[in-house]
Amino acid sequence: MKPKTAFRLSVLLSGFLASVAPPATAADNIVVFDWAGYEDPAFHPSYTEKFGGEPDFSFFGDEEEAFQKLRSGFTADLAHPCSQSVSKWRDAGLLEPLDTSKLASWNDVLPGIKAMKGLMTAEDGTAYFLPFEWGNTVLTYRTDTVKPEDVTSLKAFADPKFKDRVSIGDNVDDAYALASLAIGVKDWTKLTDEQFKQASDFLRAVHQNVRLYWTDNTDLSQAIAGGEVDLAWAWNETATTLAADGVPVVMKKDTKEGISTWVCGYVRLKGGAGSEEQQYGFLNAITDPAVSSYMVESWGYGHSNAKGMAAVDAKILADKGFADVDKFTANTLFQSPMPTEQRQRMIAEFEKIKSGY
């Protein structure tokens, strides 16, 4: 081989290798602090393709657990809180601002989500929260053991006929969403002291029927499929995955009092040591419009990307209840950001209720 030819090949090879992103290693991986299940590679395929591997994931059971762990010094790069917690995390100084110029789908977020006050941005306009998924917490029941006429109201959760057959989340937000709806309140940011007492008393009545306070969908799904639980206050995912497995389960979205609707997404955390390029690569991957169809069909949730949702097959949207978004969110309690003091009050009271007090 002539020296000149060898030099040219060396230059070409060097250029090729420089253009290929090396696989992410344990030393430089970003850490994503998340709900169990969201490590699903189908939620971030473009990240895996670009960086040659998966992020590292660490999991929490609910947002209060995550908040306390972060306050105690746990470090990660990204986390996955929901609408009702964002302001608390932001006010506690846990979040890094988002550079929206690096977010490919920032301007494509569904208008209804953009309109939620204090969610995506702080009052001064600084961006902190990138919405990812949205859905409901809804009455869910086994059709082979529960009669439809017995679950027309959310008060069914406190009906003695369901003693030891009920499950609600070990999650203060979903619990008080249920209780607020049950007493006729749609805006939990305006709960009076008397209404708070009524809601808490309702949860105490529900506690008498609870077989399981679930912490993730796997626990709840196993309990329903195994016949331990007939009636649950659950996310869309539960009925979607169980029905796909042939379990006779449906969501009851038209109870007298309604349903709860929430929005979750990702934030950047202070103290994260991972690559900023990987952080934004992950954020862009999970909000890519190509993810929308999988989110709706396999998980039963809505995706935040308006263009992606518009491209989902119309039959799939109809089957999952997303054909009419206004109808989907009608008669609902939005789990919107609430004053920190009120949420702390709910947390303290819910712990008492679960302990039998």
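Cut-offs used in this document
Residues numbered from 1 in each chain as written. Predicted model: local features only at pLDDT ≥ 70, side-chain atom pairs only at ≥ 80, totals over all residues. Heavy atoms only, no water. Disulfide = S-S within 2.5 Å. Helix = DSSP H or I, 4+ residues; strand = E, 2+ residues; numbered from the N terminus. Buried < 20%, exposed > 50% of the residue type's maximum accessible area, 1.4 Å probe, protein only. 1 Å grid on protein atoms, 1.4 Å probe; cavity = no way out; pocket = protein on both sides within 12 Å on 5 of 7 lines; lining within 4 Å. Points joined across faces, edges and corners; volume = space filled by probe spheres on them. Nonpolar A, V, L, I, M, F, W, Y, C, P; charged D, E, K, R; others polar. Core = buried A, V, L, I, M, F, W, Y, C linked by side-chain atoms within 4.5 Å. Salt bridge = Lys/Arg side-chain N within 4 Å of Asp/Glu carboxyl O. Phe/Tyr/Trp six-rings, centres within 6.5 Å; stacked < 30°, edge-to-face > 60°. Lys NZ or Arg CZ within 6 Å of the ring centre and 35° of its normal. Axes fitted to C-alpha atoms, helices over the stretch in contact; angles between N-to-C directions. Parallel < 35°, antiparallel > 145°, perpendicular 65-115°, else oblique. Contact = heavy atoms within 4.5 Å. Pairing = 2+ DSSP bridges.

### Description of the state of the cysteines
Two cysteines form a disulfide when their sulfur atoms are joined by a covalent bond.
Piece 1. Throughout the structure, instances matching the rule amount to 1 disulfide.
Piece 2. A sulfur-sulfur distance of 1.8 Å marks the disulfide that ties cysteine 82 to cysteine 264. Between cysteine 82 and cysteine 264 the disulfide shows an S-S torsion of about 90 degrees. By sign, it is right-handed. Residue cysteine 82 is located in the loop between β3 (78-79) and α4 (86-91), and its partner cysteine 264 is located in strand β10 (residues 259-269); the two are separated by 182 residues in the primary sequence.
Piece 3. The exposure class of cysteine 264 is buried, given its relative accessible area of 4%.

### Quick notes on empty space enclosed by the protein
Piece 1. Scanning the model with the defined rule gives 2 cavities of 30 Å³ or more in all.
Piece 2. If you go around the largest cavity, you meet 14 residues; those closest to its centre are Trp35, Cys82, Trp235, Trp262 and Cys264.
Piece 3. Those elements that place two or more of their residues in the lining of the largest cavity are α6 (172-182) and β10.
Piece 4. Here the lining of the largest cavity is built from residues that sort into 7 nonpolar, 3 polar and 4 charged.
Piece 5. The volume enclosed by the second largest cavity comes to roughly 30 Å³.
Piece 6. Contributing to the lining of the second largest cavity are Trp35, Gly61, Gly169, Asp170, Asn171, Trp214, Thr215 and Trp235.

### Quick look at the nonpolar core
Within soluble globular proteins, side chains that are nonpolar generally end up buried alongside one another.
Piece 1. Counting residues in hydrophobic clusters, the biggest one holds 70 residues, and the most contacted among them are Trp89 and Phe282.
Piece 2. Among the elements that take part in this core, β10 stands out by supplying 6 residues, more than any other.
Piece 3. Counting 36 residues, the second largest nonpolar core, distinct from the first, contains Leu154, Val166, Ala175 and Phe202.

### Considerations on the pattern of salt bridges
Piece 1. Under the definition given, this model contains 22 salt bridges.
Piece 2. When the shortest N-O distance is used, the salt bridge between glutamate 64 and arginine 343 registers 3.5 Å. Here glutamate 64, found in helix α3 (residues 63-71), pairs with arginine 343, found in helix α15 (residues 340-354); they are 279 residues apart in sequence, far enough to count as distant.
Piece 3. Between arginine 343 and aspartate 173 there is a salt bridge, with the nearest N and O atoms lying 2.6 Å from each other.

### Brief notes about the packing of aromatic side chains
The geometry of an aromatic ring pair is captured by the separation of the ring centres together with the interplanar angle, meaning the angle of the planes.
Piece 1. One pass over the structure, following the stated rule, counts 24 aromatic pairs.
Piece 2. Ring centres of phenylalanine 43 and tryptophan 299 lie 4.8 Å apart, and the angle between their planes is 55 degrees; on these two criteria the pair is classed as tilted. Residue phenylalanine 43 is located in the loop between β1 (31-35) and α2 (45-51), and its partner tryptophan 299 is located in helix α11 (residues 292-299); the two are separated by 256 residues in the primary sequence.
Piece 3. Centre to centre, the rings of tyrosine 266 and phenylalanine 282 are 5.5 Å apart; their planes meet at 75 degrees, and the pair counts as edge-to-face. Residue tyrosine 266 is found in strand β10, and its partner phenylalanine 282 is found in helix α10 (residues 276-286); the two are separated by 16 residues along the sequence.
Piece 4. Note that lysine 69 overlies the ring of phenylalanine 74, its terminal NZ or CZ placed 4.4 Å from the centroid.
Piece 5. Cation over ring: arginine 345 sits above phenylalanine 196, and NZ or CZ is 4.1 Å from the ring centre.

### Points about the packing of helix α9 (residues 236-244) against α11
Piece 1. Their axes nearest at 8 Å, the elements α9 and α11 cross at an angle of 75 degrees. Classified by the angle between their axes, α9 and α11 sit roughly perpendicular to one another. On α11, the residues touching Asn236, Glu237, Thr240 and Thr241 of α9 are Glu297, Ser298 and Trp299.
Piece 2. Per-class residue counts for the contact of α9 with α11 are 1 nonpolar, 4 polar and 2 charged.

### Looking at the environment of serine 200
Piece 1. Counting through the fold element by element, serine 200 comes out in helix α7 (residues 193-207).
Piece 2. For serine 200, a relative accessible area of 2% translates into the label buried.
Piece 3. Through-space distance from the C-alpha of serine 200 to that of phenylalanine 350 is 7.7 Å; in sequence the pair is 150 residues apart.
Piece 4. Residue contacts for serine 200: discarding those within four places in its chain leaves Tyr176, Glu349 and Ile353.

### Describing unusual backbone geometry
Piece 1. Unusually for a residue other than glycine, aspartate 164 sits at a positive phi of about 65 degrees.
Piece 2. Relative to the helices and strands, aspartate 164 is located in the loop between β5 (130-142) and β6 (166-169).

### A short note on the pairing of β6
Piece 1. The alternating pattern of β6 places Val166 and Ile168 on one face and Ser167 and Gly169 on the opposite face, and all of these are buried.
Piece 2. Relative to strand β7 (residues 210-214), β6 is paired through 4 bridges, and the arrangement is parallel. Looking across to β7, one finds that glycine 169 is bridged to tryptophan 214.
Piece 3. Bridge analysis of β6 against strand β8 (residues 231-235) gives 2 bridges, and the strand direction is parallel. Paired with serine 167 across the strands is alanine 232, a residue of β8.

None of this, on its own, says anything about what the molecule does.
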